[in-house]
Protein chains: 2
Amino acid sequence: MTVPDDPQRAPARGYVPLDEIDRVLARELVADGRATLAHLAATAGLSVSAVQTRVRRLESRGVVRGYTARIDPEAVGSMLSAFVAITPLDPSQPDDAPARLEQIPEIEACYSVAGEDNYMLLVHVESARALEHLLQKIRTAANVKTRSTIILQKFYGDRRHIPD
Amino acid sequence: MTVPDDPQRAPARGYVPLDEIDRVLARELVADGRATLAHLAATAGLSVSAVQTRVRRLESRGVVRGYTARIDPEAVGSMLSAFVAITPLDPSQPDDAPARLEQIPEIEACYSVAGEDNYMLLVHVESARALEHLLQKIRTAANVKTRSTIILQKFYGDRRHIPD
DNA sequence: TCTGAAACAGGCCAAGC
DNA sequence: GCTTGGCCTGTTTCAGA
């Protein structure tokens, strides 16, 4: 008899559930990446040293991959953001688009996706003209066609949820 | 620390270019959100106090909107990520989809976009079954149709470019 | 793993240029 | 706006439970 799929069941590999204290610490560090150990200790109800050990463990396990400042693109002159879906023009060629595009700084993110297109990029540029130039650069660098979706407004972003 | 909304803060329209030192500091804080003032000072070739003043100014101007830990979704049990494009079923109704979806924690980001669909969401769930449940929740909460694109791999993300 | 204490490093602020 | 310098807070390490 086959065991039925059970959404409750823990995923098979590469994932060890965090205990409640680690989840509290991770959530606090998402909310404030510069939170002091003293503040985390007060939040978690532990001593500073115990919290330090746990935070180091979250980092070494790869749960926390690093810390970053959240930058407002418009405040640094990137007035236009877009999703750019790309698909190779020649499917018989080896597909190394992510490597070919890695050095283009306007590309914030690159995902391979299942669906009509092969990859989805998130890009930030200063103007419509800059987007035109960027798209040409992407098309020639990776031999792809592009389909762009202009972002009008970001309602929220960077909300990283730590499930129970 | 999340930088609080501050009426003093310069709106993004009326963008004032950063000087070279501020760009260096912003890039360093993107690379390491917990970089010490002493490290930033060494990088920028300034005293610690001068750097402290500049970092605070970047925060109060809204260039740096806060700091956050970068979390690996798979390490916290979110094994499946997707873009979900949504469009209201009834265009005559007021469109408050972002507000209606704000409380759903699986939604990391919500953008309004120009194109075939009205909004693009980025979501993280633990399983295909959880995605099915999330999509139903989104459809009923916002009275929208959904079009999902499964993310197979994230090649890079969270690269925030500070242009010269 | 936790706590607590002591030594060290970093953040903060005022005064002067 | 930058620098120096003094004070205070946060971080690190270690011994002990």
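A quick note: this is a predicted structure, and the numbers were derived from the prediction, not measured.

Asks: Before we go on, may I ask you to explain helix α5 (residues 128-142) of chain A in this structure?
Replies: Think of an α-helix as turning once every 3.6 residues; residues three or four places apart then point the same way. Residues and elements named next belong to chain A. Along its 15 residues, α5 runs 21 Å from first to last C-alpha, staying within 8% of the 21 Å computed at 1.5 Å per residue. Within α5, burial applies to Leu131, Leu134, Leu135, Ile138 and Ala142. Taken down its axis, α5 places every buried residue within 100 degrees of arc, on the same side. Across α5 from its buried face, at more than 90 degrees, point the exposed residues Arg129 and Thr140. Once α5 ends, the next one or two residues include Asn143, with phi positive near 50 degrees.

Asks: Please clarify how the domain arrangement of chain A should be interpreted in this entry.
Replies: The parts lose accessible area when they come together, and the size of an interface is often stated as this lost area. Looking at the assigned domains, one finds that chain A contains domain 1 (20-61) and domain 2 (73-151). Placing a centre on the C-alpha atoms of domain 1 of chain A and another on those of domain 2 of chain A gives a separation of 37 Å.

Asks: I keep staring at the side chain of Glu108 of chain A and nothing clicks. Help me out?
Replies: With respect to the helices and strands, the residue Glu108 of chain A is situated in strand β3 (residues 107-114). Among residues more than four places away in sequence, those in contact with Glu108 of chain A are Leu122, Val123 and His124 of chain A together with Tyr156, Gly157, Asp158, Arg159 and Arg160 of chain B.

Asks: It is not clear to me how the protein's contact with DNA strand C should be interpreted in this structure. Could you clarify?
Replies: Near DNA strand C, the surroundings consist of 13 residues, among which Ser47, Ser49 and Arg54 of chain A together with Ser49 and Gln52 of chain B are the closest. What you see for DNA strand C is that sugar and phosphate hold 69% of its atoms within 4 Å of the protein. One of the side-chain N or O atoms of Ser47 of chain A is found 2.4 Å from a phosphate oxygen in DNA strand C. Here a sugar or linking oxygen of DNA strand C and a side-chain polar atom of Arg57 of chain A are 3.5 Å apart.

Asks: Just to check I follow, could you spell out the sheet that holds strand β3 (residues 107-114) of chain B for this structure?
Replies: Picture the strands of a sheet paired through backbone hydrogen bonds; they go either parallel or antiparallel. Taken together, the eight strands give a closed barrel; going around it, the order is β2(A)-β4(A)-β3(A)-β5(B)-β2(B)-β4(B)-β3(B)-β5(A), and neighbouring strands pair in antiparallel fashion. Here the strands of the sheet are splayed against their neighbours by 35 degrees on average, with no regard to which way each runs. Relative to the sheet, α5 of chain A contacts β2 (80-88), β3, β4 (119-125) and β5 (144-156) of chain A, its axis offset from that of β5 of chain A by approximately 140 degrees.

Asks: So what exactly am I meant to see when it comes to the interface of chain B and chain A here?
Replies: Facing the 67 residues of chain B at the interface are 67 residues of chain A. Counting each side, the surface lost to burial between chain B and chain A is near 6700 Å², with a carbon and sulfur contribution of 55%. If you sort the residues of chain B by the area they bury against chain A, Arg34, Tyr156 and Arg160 of chain B come out on top, with a joint share of 12%. Run the count over chain B and chain A and you get four salt bridges. Where chain B touches chain A, the interface holds 45 residue pairs in polar contact (both at pLDDT 80 or more).

Asks: Help me out: how do you make sense of the nonpolar core in this one?
Replies: Soluble globular proteins tend to bury their nonpolar side chains together. Residue and element names in this part refer to chain B. Ile86, Leu101, Ile107, Leu121, Val123 and Ile138 are the most contacted members of the largest nonpolar core, which has 21 residues in total. Counting residues per element, the ones that place at least two in this core are β2 (80-88), α4 (97-101), β3, β4 (119-125) and α5 (128-142). When residues of this core are assigned to their parent elements, the largest contribution, six residues, is made by α5. Aside from chain neighbours lying at most four places away, what touches Ile86 is Ala97, Leu101, Asp117, Asn118, Tyr119, Leu121, Ile138, Val144, Lys145 and Thr146.

Rules of the game
- Residues numbered from 1 in each chain as written.
- Chains lettered and ligands numbered in written order.
- Predicted model: local features only at pLDDT ≥ 70, side-chain atom pairs only at ≥ 80, totals over all residues.
- Heavy atoms only, no water.
- Helix = DSSP H or I, 4+ residues; strand = E, 2+ residues; numbered from the N terminus.
- Expected span 1.5 Å × (residues − 1).
- Buried < 20%, exposed > 50% of the residue type's maximum accessible area, 1.4 Å probe, protein only.
- Arc of directions from axis to C-beta.
- Domains from an automatic or database assignment.
- Contact = heavy atoms within 4.5 Å.
- Near = heavy atom within 4 Å.
- Polar contact = N/O pair within 3.5 Å; in protein donor to acceptor, adjacent residues only side chain to side chain.
- Pairing = 2+ DSSP bridges.
- Axes fitted to C-alpha atoms, helices over the stretch in contact; angles between N-to-C directions.
- Buried area = accessible area lost by both parts, 1.4 Å probe.
- Salt bridge = Lys/Arg side-chain N within 4 Å of Asp/Glu carboxyl O.
- Core = buried A, V, L, I, M, F, W, Y, C linked by side-chain atoms within 4.5 Å.

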